[in-house]
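# Remarks on the overall topology
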Amino acid sequence: MNEIQKNWDAMAKAYEEFTEGKESYSYRIEWPCIQRMLPELKGKNVLDLGCGTGRFSFLFEDKEPSVVDGIDLSEQMLTLAKTKSLVRKSKVHFIQGDITNVSDYVDKTYDLVFSSTTLHYIQNLQQFFKQLSLVMNEAGIGILSLMHPIYTSQYPIDQNGKFPRDEEWNVRYLDTSLRSYMQPWIEYNDSVEKFLSSSYHHTFSDYFNAIINTGFQILQVEEPKPPIEWKERYPERYDSFIETPSYLIIKIKKSSI
Ligand SMILES: C[S@@+](CC[C@H](N)C(=O)[O-])C[C@H]1O[C@@H](n2cnc3c(N)ncnc32)[C@H](O)[C@@H]1O
């Protein structure tokens, strides 16, 4: 079992609590923007890469596609997804697997290939986009919702198991070293032991060159803002998302040239 899978197995329950609320960052900042970028899904095939607890897979299912498949490395994240699936009587097909080899796990191609906040766990972006290309229809759309590179650039550099101090959360934009830190949302959750989790920081050029070099065409790029009503209701939270953007969302298709 690799480190990333171990980390996500341990964090699954806390992540579910953090993201499921109707005022979660994802639900209020990320999802409204994704909805504006989505193609028509009725009768289409949808693939959710790094689907975790299935949040987006279920939101897509509400739009009446013919197939939704979700792939994730973490058994515990998928267990939560499958539990919700039973309650919802969902037909989403959840598969345990590594999305850097996604073509090994599926036997069809898709009209929408989607991924949310997962690509900073992938070291080799070029390999990921090549695989994405293999499982996408010729007329298909890809929507990649990324942790914004400004955000990931402040993740502390890995220090061989040592917990970083607060002041080590500062921008090191061009430093591609492994990052290791305690997820900020875990600090507020007593149900999980404090531990380090690791991820990568990719710059804008890393993402865009991997997309372009794979032969994709970029259709749209978004950096969604927090909802304006948060300015009064949660002023500190609002300011923190204005200072440091959380999401970079990119829509791509296969190049026609
Ligand atoms: C931040 S969570 C996002 C989950 C879900 N997309 C969401 O937005 O709620 C990142 C997920 O990526 C998964 N992941 C990381 N690397 C992966 C890989 N190589 N293959 C499949 N899943 C991976 C983790 O197990 C975790 O569930």
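Description of the structure in this document. (Residues numbered from 1 in each chain as written. Predicted model: local features only at pLDDT ≥ 70, side-chain atom pairs only at ≥ 80, totals over all residues. Heavy atoms only, no water.)

### Concerning the side chain of R55
Checked against the element boundaries, R55 lands in helix α3 (residues 55-61). The side chain of R55 is buried and forms no salt bridge, while E30, the nearest opposite charge, is found at 4.2 Å. Of the polar contacts made by the side chain of R55, one reaches the side chain of S26; its length is 2.9 Å. (Helix = DSSP H or I, 4+ residues; strand = E, 2+ residues; numbered from the N terminus. Buried < 20%, exposed > 50% of the residue type's maximum accessible area, 1.4 Å probe, protein only. Lys, Arg positive; Asp, Glu negative; His and termini not counted. Salt bridge = Lys/Arg side-chain N within 4 Å of Asp/Glu carboxyl O. Polar contact = N/O pair within 3.5 Å; in protein donor to acceptor, adjacent residues only side chain to side chain.)

### Digging into the packing of helix α5 (residues 125-135) against helix α7 (residues 204-213)
Running from amino to carboxyl end, α5 crosses α7 at an angle of 40°, the nearest separation of the two axes being 9 Å. Judged on the interaxial angle alone, α7 and α5 are oblique. Relative to α7, the crossing made by α5 is right-handed. Contacts between α5 and α7 involve L125, Q126 and F129 from the former and D206, Y207, N209, A210, I211 and N213 from the latter. For the contact of α5 with α7, the class distribution of residues is 5 nonpolar, 3 polar and 1 charged. (Axes fitted to C-alpha atoms, helices over the stretch in contact; angles between N-to-C directions. Parallel < 35°, antiparallel > 145°, perpendicular 65-115°, else oblique. Left-handed = near helix turned anticlockwise from the far one by under 90°. Contact = heavy atoms within 4.5 Å. Nonpolar A, V, L, I, M, F, W, Y, C, P; charged D, E, K, R; others polar.)

### Points about helix α1 (residues 3-20)
An ideal rise of 1.5 Å per residue puts 26 Å on 18 residues; α1 measures up with 25 Å between its terminal C-alpha atoms. Among the residues of α1, I4, Q5, N7, W8, D9, M11, A12, A14, Y15, E16 and T19 are the ones counted as buried. In the core, the buried residues of α1 are packed alongside α3, α4 (75-88), β3 (93-96) and β7 (197-199). The backbone nitrogen of I4 lies 3.0 Å from a side-chain oxygen of the residue at the head of α1, namely N2. (Expected span 1.5 Å × (residues − 1).)

### What to know about the packing of aromatic side chains
Using the criterion set out here, one finds 20 aromatic pairs in the structure. For the pair W8 and Y121, a centre-to-centre distance of 5.7 Å together with 90° between the ring planes defines the contact as edge-to-face. Of this pair, W8 sits in helix α1 while Y121 sits in the loop between β4 (110-116) and α5; the two residues are 113 residues apart in sequence, bridging distant segments of the chain. Across this residue pair, the class does not change: W8 and Y121 are buried. Seen in terms of ring centroids, F58 and F94 are 5.7 Å apart; in terms of plane orientation they differ by 75°. Their pairing is edge-to-face. With F58 in helix α3 and F94 in strand β3, this residue pair connects regions lying 36 residues apart in the sequence. Across the pair, exposure class does not vary: F58 and F94 are buried alike. Every member of this aromatic cluster is reached through a ring pair, and the members are F18, Y25, W230, Y234 and F241. Stacked on the ring of W230, the Lys or Arg R237 has its end atom at 4.8 Å from the ring centre. (Phe/Tyr/Trp six-rings, centres within 6.5 Å; stacked < 30°, edge-to-face > 60°. Lys NZ or Arg CZ within 6 Å of the ring centre and 35° of its normal.)

### With respect to the site of the ligand
With respect to spatial proximity, 20 residues lie near the ligand, and among them G50, R55, D72, D98 and I99 are the closest. Within the backbone of L73, one N or O atom sits 3.1 Å away from a nitrogen atom of the ligand. The fraction of the free accessible surface of the ligand (600 Å²) that becomes covered by protein chains is 97%. When contributions to the shell around the ligand are tallied by element, the ones reaching two or more residues are α1 and α3. Classifying every residue of the shell around the ligand gives 10 nonpolar, 7 polar and 3 charged. (Near = heavy atom within 4 Å. Areas by Shrake-Rupley, 256 points an atom, 1.4 Å probe, with all protein chains shown as cover.)

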